[in-house]
Amino acid sequence: EAIRLARDTGVQVTEARAVELARLLRELAKAIPGCALLGPEETDSVSGLTTFSLAGWQPDELVTTLQEQHHIVARNVHNPDGVRFSTAYFNTEEEVAQVASVLAELVR
């Protein structure tokens, strides 16, 4: 299905959409006290992957809480330790805003 979507829509379009949603996620999350961006922000270095740390949370605990209580899929990563979100062509702005809202709620 991913290959069909890439062929039908175009790789450049799907990549641009993922990068734009990741930019929105970074923008929203940077406004959350205790949420620290752990990846690049330079236009040439960004992708649809966005990694954060959240004050008061270990990455593995945060990933489990996001999945089990909020149905948000993320993964923990190391070096530096954080939680990585992957935005994709099919995600919506509303879903990105929901992630930021949940992060803000959990850091309180």
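The structure we're discussing is the one just above.
Everything quoted here is computed from the prediction, not taken from an experiment.

Chemist: Lay out the environment of A88 in plain terms, naming residues and giving numbers.
Modeler: The topology assignment puts A88 in the loop between β4 (82-86) and α4 (93-107). Its relative accessible area of 16% is what places A88 among the buried residues. Not counting residues within four places of it along the chain, the set of residues in contact with A88 comprises R17, A18 and L21.

Chemist: For the pattern of salt bridges, give the residues involved together with the corresponding values.
Modeler: Tallied over the entire structure, the rule returns 4 salt bridges. A salt bridge links R4 to D8, with the nearest nitrogen and oxygen atoms 2.6 Å apart. With R4 and D8 both in helix α1 (residues 2-9) and 4 residues apart, the pair spans about one turn of that helix. Looking at D8, the relative accessible area reads 56%, which means it is exposed.

Chemist: Any details on the nonpolar core? Residues and values, ideally.
Modeler: By size, the foremost hydrophobic cluster in this structure holds 23 residues, and its most contacted members are C35, F52, L62, L66, V83, F85 and L103. For this core, the secondary structure elements donating two or more residues are α2 (11-30), β1 (35-37), β2 (49-54), α3 (59-70), β4 and α4. Per element, the largest residue contribution to this core is 7 residues, and it comes from α4. Ignoring sequence-local partners within four residues, the contact set of V83 consists of T50, T51, F52, P59, L62, V63, L66, A74, R75 and N76.

Chemist: Summarise α2; cite the residues concerned and give the values.
Modeler: Over its 20 residues, α2 runs 28 Å from end to end, which matches the ideal 28 Å to within 8%, given 1.5 Å per residue. Listed in full, the buried residues belonging to α2 are T14, A18, L21, A22, L24, L25, R26 and A29. Check the buried side of α2 and you find it contacts α1, β1, β2, β4 and α4.

Chemist: Describe α4, and please don't skip the residues or the numbers.
Modeler: Over its 15 residues, α4 runs 21 Å from end to end, which matches the ideal 21 Å to within 8%, given 1.5 Å per residue. Turning to α4, its buried residues are V96, V99, A100, V102, L103, A104 and L106. On its buried face, α4 sits against α2, β1, β2, α3 and β4.

Chemist: Provide a residue-level description of the packing of α2 against α4, including the pertinent values.
Modeler: Interaxial distance between α2 and α4 falls to 9 Å at its minimum, and their mutual angle equals 30°. What the angle tells us is that α2 and α4 run roughly parallel. Read as a crossing pair, α2 and α4 show a hand that is right-handed. Seen from α2, the contacting residues are R17, L21, L24, L25 and L28; seen from α4, they are E93, V96, A97, V99 and A100. Taken together, the residues of the contact of α2 with α4 break down into 8 nonpolar, no polar and 2 charged.

Rules used in this analysis
- Residues numbered from 1 in each chain as written.
- Predicted model: local features only at pLDDT ≥ 70, side-chain atom pairs only at ≥ 80, totals over all residues.
- Heavy atoms only, no water.
- Helix = DSSP H or I, 4+ residues; strand = E, 2+ residues; numbered from the N terminus.
- Buried < 20%, exposed > 50% of the residue type's maximum accessible area, 1.4 Å probe, protein only.
- Contact = heavy atoms within 4.5 Å.
- Salt bridge = Lys/Arg side-chain N within 4 Å of Asp/Glu carboxyl O.
- Core = buried A, V, L, I, M, F, W, Y, C linked by side-chain atoms within 4.5 Å.
- Expected span 1.5 Å × (residues − 1).
- Axes fitted to C-alpha atoms, helices over the stretch in contact; angles between N-to-C directions.
- Parallel < 35°, antiparallel > 145°, perpendicular 65-115°, else oblique.
- Left-handed = near helix turned anticlockwise from the far one by under 90°.
- Nonpolar A, V, L, I, M, F, W, Y, C, P; charged D, E, K, R; others polar.

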